[in-house]
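Architecture and fold: a report
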Amino acid sequence: MQVITDNEQLSVHTHQLKALGGNIAFVPTMGNLHAGHLALVRAAKNLATTVIVSIFVNPKQFAANEDLSAYPRTLEADMEHLHHLGADVVFTPSEHAIYPEGVETLTTVSVPGLTDVLCGASRPGHFDGVSTVVCKLLNVVSPDVAVFGEKDLQQLLLIQKMVRDLAMAIEIVGIPTVRADDGLALSSRNSYLTADERIIAPALYETLQQLSGAIKAGRRDYSALCDHAREQLNKQRFQVDYLEIRRCSDLMSADHNDTQLALFVAATLGSTRLIDNVQINLNPQAAQ
Ligand code: PAF
């Protein structure tokens, strides 16, 4: 496994690989890798001859009130995981390599429509930070395919739109959320939960599943369904930021004619903000 920190060196390496007929799958991460990330790397290995994983804690995607310095950095353990999984290259650029003249002066890539809703509403600037850094990383790595988790579905849809809009010749692949046995979506933030909170946390996914079941069974009173689900969660010590039924195409509120839906939830439990989502395909042909 090769570790590269320099943009130029990585570009030369990927061009050489491609000249030899290889193709590249890319997994961008901010490190602190857990089983969810490792599933992305495994999926990437089935998509291309070479897997490149980046580890870069991106300052631009932290909102003003979020503590960048507290973000867990576990480089040694991350490297070990990636080595065991057989990643070919780990790209660990410095902040200077990504933001040579500072975070504020780099050209910003902003994806209209999808950035200000859901998590974007409570984390101003976050998604501009994500689209900007992912665009830069994609340009440096030049992969054939890049892999993102469906756990961050808003992020995945945003990157798919960016790549479509800017005609970037890269396939963006979403990988299903990896869950603990009790249904809690794996996330670096789960480690912040107390033992008591960890017992309650799976209620988030249970609530989405109940909602999904009700919609598949024919309920279309979306607003009442969401109100009820929010109430249930708030009774269980969650503080719900949002719980919404949106359509996947543009993340606008779903109406009764929409068939590709996603249920999104963000809620704080103690001091930890958790997010989750469930996608629903209401096309009559879809296997429900
Ligand atoms: O999902 C993440 O870890 C980050 O948002 C990403 C895609 C690596 C961009 O910094």
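A brief look at the structure comes next.

It is worth spelling out helix H1 (residues 7–19) at this point. The terminal C-alpha atoms of H1, which comprises 13 residues, lie 18 Å apart, in line with the 18 Å expected from a rise of 1.5 Å per residue. If you check which residues of H1 are buried, you get Asn 7, Leu 10, Ser 11, His 13, Thr 14 and Leu 17. The arc that holds every buried residue of H1, seen down its axis, measures 165 degrees, which confines them to one face. Of the exposed residues in H1, those oriented more than 90 degrees away from the buried face are Glu 8 and Ala 19. The backbone nitrogen of Glu 8 lies 3.4 Å from a side-chain oxygen of the residue at the head of H1, namely Asp 6.

Taken together, the 3 strands give an open sheet; going across it, the order is E7-E8-E9, and neighbouring strands pair in antiparallel fashion. For this open sheet the edge positions go to strand E7 (238–247) and strand E9 (272–281), each flanked by a neighbour on one side alone. Strand-to-strand twist in this sheet, taken as the mean axis angle between neighbours without regard to direction, amounts to 10 degrees. By the bridge criterion, 9 bridges tie E7 to strand E8 (residues 260–269) in an arrangement that is antiparallel. Pairing of Val 240 across the sheet is with Ala 267, part of E8. Strands in contact with helix H9 (residues 203–216) are E7, E8 and E9; relative to E9, the strand with the most contacts, it is inclined by about 20 degrees. Strands E7 and E8 of the sheet are contacted by helix H10 (residues 222–235), whose axis makes an angle of about 155 degrees with E7.

Around the ligand, the neighbouring residues are Pro 28, Thr 29, Met 30, Asn 58, Gln 61, Val 133, Val 134, Phe 148 and Gln 155. A distance of 2.6 Å is found between an oxygen atom of the ligand and a side-chain nitrogen or oxygen belonging to Gln 61. Here an oxygen atom of the ligand sits 2.7 Å away from a polar atom, N or O, in the side chain of Gln 155. Computed on the free molecule, the ligand has an accessible area of 290 Å², of which 88% lies beneath the protein chains in the complex. Of all elements in the fold, only strand E2 (24–29) and helix H6 (126–141) reach the threshold of two or more residues within the shell around the ligand. Considered class by class, the residues forming the shell around the ligand number 5 nonpolar, 4 polar and no charged.

Another aspect to go through is the packing of aromatic side chains. Taken as a whole, this structure holds 2 aromatic pairs when the rule is applied. Measuring from centroid to centroid gives 6.3 Å for Phe 56 and Tyr 99, while their planes differ by 35 degrees, and the two rings are tilted. Taken together, the residues span a long stretch of sequence, with Phe 56 in the loop between strand E3 (50–55) and helix H3 (75–85) and Tyr 99 in the loop between helix H4 (95–98) and helix H5 (119–122) at a distance of 43 residues. Tyr 99 shares its class with Phe 56; the two are buried. An angle of 85 degrees between the planes, with centres 5.7 Å apart, marks the rings of Phe 62 and Tyr 71 as edge-to-face. There is no split in this pair, since Phe 62 and Tyr 71 are both buried. In this structure, Arg 179 packs its charged tip against the face of Tyr 205, placed 3.4 Å from the ring centre.

Here we take up the nonpolar core. Counting residues in hydrophobic clusters, the biggest one holds 47 residues, and the most contacted among them are Leu 138, Ile 159 and Met 162. Going through the elements one at a time, H1, E2, strand E4 (89–91), H6, strand E5 (145–149), helix H7 (153–165) and E8 are the ones with two or more residues in this core. Not counting residues up to four positions away in its chain, the partners in contact with Leu 138 are Phe 26, Pro 143, Ala 146, Met 162, Val 163, Met 168 and Ile 170. Judged by nonpolar contacts, the second largest core, of 30 residues, contains Leu 208, Ala 214, Ile 215 and Leu 243.

Contact geometry for H6 and H7: axes closest at 10 Å, N-to-C directions at 55 degrees. Put simply, H6 runs oblique to H7. The crossing of H6 and H7 is right-handed. Listed contacts from H7 to Phe 127, Val 130, Ser 131, Val 134, Cys 135 and Leu 138 of H6 are Gln 154, Gln 155, Leu 158, Ile 159, Met 162 and Val 163. Taken together, the residues of the contact of H6 with H7 sort by class into 9 nonpolar, 3 polar and no charged.

Another point: the pattern of salt bridges. Counted by the stated rule, this structure contains 10 salt bridges. Here Arg 198 makes a salt bridge to Asp 182, at a shortest N to O gap of 2.9 Å. Placement of the pair is Arg 198 in helix H8 (residues 195–200) and Asp 182 in the loop between strand E6 (171–175) and H8, with a sequence separation of 16 residues. When its relative accessible area of 26% is taken as the criterion, Arg 198 is described as partly exposed. On the basis of relative accessible area, Asp 182 is assigned to the partly exposed category, the value being 37%. Across the pair Arg 219 and Asp 221 runs a salt bridge, and its minimum N-O distance is 2.8 Å. Note on Asp 221: relative accessible area 33%, which makes it partly exposed. Sharing partners across several salt bridges, the network here consists of Arg 247, Asp 250 and Asp 258.

Criteria and cut-off values
- Residues numbered from 1 in each chain as written.
- Predicted model: local features only at pLDDT ≥ 70, side-chain atom pairs only at ≥ 80, totals over all residues.
- Heavy atoms only, no water.
- Helix = DSSP H or I, 4+ residues; strand = E, 2+ residues; numbered from the N terminus.
- Expected span 1.5 Å × (residues − 1).
- Buried < 20%, exposed > 50% of the residue type's maximum accessible area, 1.4 Å probe, protein only.
- Arc of directions from axis to C-beta.
- Polar contact = N/O pair within 3.5 Å; in protein donor to acceptor, adjacent residues only side chain to side chain.
- Pairing = 2+ DSSP bridges.
- Axes fitted to C-alpha atoms, helices over the stretch in contact; angles between N-to-C directions.
- Contact = heavy atoms within 4.5 Å.
- Near = heavy atom within 4 Å.
- Areas by Shrake-Rupley, 256 points an atom, 1.4 Å probe, with all protein chains shown as cover.
- Nonpolar A, V, L, I, M, F, W, Y, C, P; charged D, E, K, R; others polar.
- Phe/Tyr/Trp six-rings, centres within 6.5 Å; stacked < 30°, edge-to-face > 60°.
- Lys NZ or Arg CZ within 6 Å of the ring centre and 35° of its normal.
- Core = buried A, V, L, I, M, F, W, Y, C linked by side-chain atoms within 4.5 Å.
- Parallel < 35°, antiparallel > 145°, perpendicular 65-115°, else oblique.
- Left-handed = near helix turned anticlockwise from the far one by under 90°.
- Salt bridge = Lys/Arg side-chain N within 4 Å of Asp/Glu carboxyl O.

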